[in-house]
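For reference, the chains in residue letters:
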Amino acid sequence: MAKVNFYLLKQTSDQACKLLACRLAEQQSRQNQHVYIRLANAAQAEEMDRLLWSFSPESFVPHALTSATDARGVTLLLGWDAKPPEVSTCLLNLSGEAASIQGNISSVAEFVPNDQEAKAHSRVLWNTYKSQGHELNHHQL
């Protein structure tokens, strides 16, 4: 079973969640993990693609959209498919839906902005993952 980490942010914005996802993706990529960032749709994936280029002036995180023809060999992929690419070992979930945890996925990150609606939704996700038998962790940031 996978470890599912819920990150409760102090900020209320979705942008704060995306920035944290960028930092986690960078960290996991440096550890030679194969990371899949799942977003809700193509527009959000393209927005995240731009953010990964600019979130930190000191870093470069090689990445590609799963729909790109040059995505082979890239360890950080962005997409909106429920099923992560088979090579993925980490899933950063910004889609708003429970992740499909299968294959090589050993860890999942869920991002929770600090507002009541998001917290209520995260409780639903928590219970979904719990019923599937995954190890759950809560991180207050």
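Throughout, a residue's number is its position along its own chain's written sequence, starting from 1. With the structure being a predicted model, the display of local features is reserved for residues of pLDDT at least 70 and the display and counting of side-chain atom pairs for 80 or more, all residues being used for whole-chain, interface and lining totals. The basis for every side-chain value is the complete set of heavy atoms in the structure, and neither hydrogens nor water enter the calculation.

**Regarding the side chain of Lys 18**
A run of DSSP states H or I qualifies as a helix once it reaches four residues; a run of E qualifies as a strand once it reaches two. Both are numbered from the N-terminal end. For Lys 18, the location among the structural elements is in helix α1 (residues 14–30). Partly exposed describes any residue whose relative accessible area lies between the buried limit of under 20% and the exposed limit of over 50%, with all areas from a 1.4 Å probe on protein chains only and scaled to the type maximum. With a relative accessible area of 13%, Lys 18 lands in the buried category. Here, residues are in contact when the closest pair of their heavy atoms is within 4.5 Å. Apart from the residues within four sequence positions on either side, Lys 18 is in contact with Glu 47, Met 48, Leu 51 and Leu 94.

**Considerations on the side chain of Asn 93**
Mapped onto the elements, Asn 93 comes out in strand β5 (residues 90–93). Between N or O atoms, a polar contact is any pair within 3.5 Å; within protein, one atom must be a potential hydrogen donor and the other a potential acceptor, and residues adjacent in sequence are included only when both atoms are from side chains. For Asn 93, the side chain forms a polar contact with the side chain of Glu 110, separated by 2.7 Å. In contact with Asn 93, other than residues within four places in its own chain, are Arg 38, Ala 98, Ala 99, Ala 109, Glu 110, Phe 111 and Tyr 129.

**Things to note about the environment of Ser 88**
Positionally, Ser 88 belongs in the loop between β4 (76–79) and β5. Look at Ser 88 and you get buried, because its relative accessible area is 2%. When the C-alpha positions of Ser 88 and His 139 are compared, they lie 23 Å apart, and in sequence the two are 51 residues distant. Leave out the neighbours within four places in its chain, and Ser 88 touches His 34, Tyr 36, Asn 104 and Ile 105.

**Some details on unusual backbone geometry**
Phi at Asn 32 is positive, roughly 60°, even though this residue is not glycine. Structurally, the position occupied by Asn 32 is in the loop between α1 and β2 (35–38). The class for Asn 32 is exposed, based on a relative accessible area of 64%.

**Considering the confidence of the model for the chain**
Per residue, pLDDT captures the predictor's confidence, and it can take any value from 0 to 100. Considering every residue of the chain, the mean pLDDT works out to 92; 96% of them sit at 70 or more. Confidence, read as mean pLDDT per element, is least for strand β3 (residues 64–65) in the chain (89) and greatest for strand β1 (residues 3–8) (98).

**A short note on the sheet that holds β3**
Spatial strand order, β3-β4-β2-β5-β6-β1-β7: seven strands in an open sheet with parallel pairing. Looking at the sheet topology across the chains shown, the edges are occupied by β3 and β7 (135–140). Contacts from helix α2 (residues 42–54) reach β2, β3 and β4 within the one sheet, and its direction differs from that of β4 by about 145°. Strand pairing requires that DSSP identify at least two bridges connecting the strands. Only C-alpha atoms enter the line fits that serve as axes; for helices the fit covers just the stretch in contact. Angles between N-to-C directions range over 0 to 180 degrees.

**What to know about the nonpolar core**
Proteins that are soluble and globular tend to have nonpolar side chains buried together. The term nonpolar core refers to a set of buried residues drawn from Ala, Val, Leu, Ile, Met, Phe, Trp, Tyr and Cys, joined through side-chain atoms within 4.5 Å. In terms of nonpolar packing, the biggest core is built from 26 residues, with Ile 37, Met 48, Leu 52, Leu 92, Leu 94 and Phe 111 touching the most fellow members. Taken together, the elements giving at least two residues each to this core come down to α1, β2, α2, β4, β5 and β6 (107–112). No other element matches α1, which puts seven residues into this core. If we ignore the near neighbours within four places in the chain, the residues touching Leu 94 are Cys 17, Lys 18, Ala 21, Ile 37, Arg 38, Leu 39, Ala 40, Gln 44, Met 48 and Phe 111. Counting 18 residues, the second largest nonpolar core, distinct from the first, contains Leu 8, Val 74, Ala 118 and Tyr 129.

**Digging into the packing of aromatic side chains**
Under the pairing criterion, centres of Phe, Tyr and Trp rings, with the six-membered ring standing for Trp, must be within 6.5 Å; the plane angle then separates stacked pairs below 30 degrees from edge-to-face pairs above 60, leaving the rest tilted. As enumerated under the stated definition, the model contains three aromatic pairs in all. Taking the centre distance of 5.2 Å and the plane angle of 50° together, the rings of Phe 6 and Trp 126 count as tilted. Of this pair, Phe 6 sits in strand β1 while Trp 126 sits in helix α3 (residues 116–131); the two residues are 120 residues apart in sequence, bridging distant segments of the chain. On the basis of an interplanar angle of 65° and a centroid distance of 6.1 Å, the ring pair of Phe 6 and Tyr 129 is categorised as edge-to-face. You can see Phe 6 sitting in strand β1 and its partner Tyr 129 sitting in helix α3, a full 123 residues away along the chain. For Phe 6, a relative accessible area of 3% corresponds to the buried category. Cluster of aromatic residues (ring-pair linked, three or more members): Phe 6, Trp 126 and Tyr 129.

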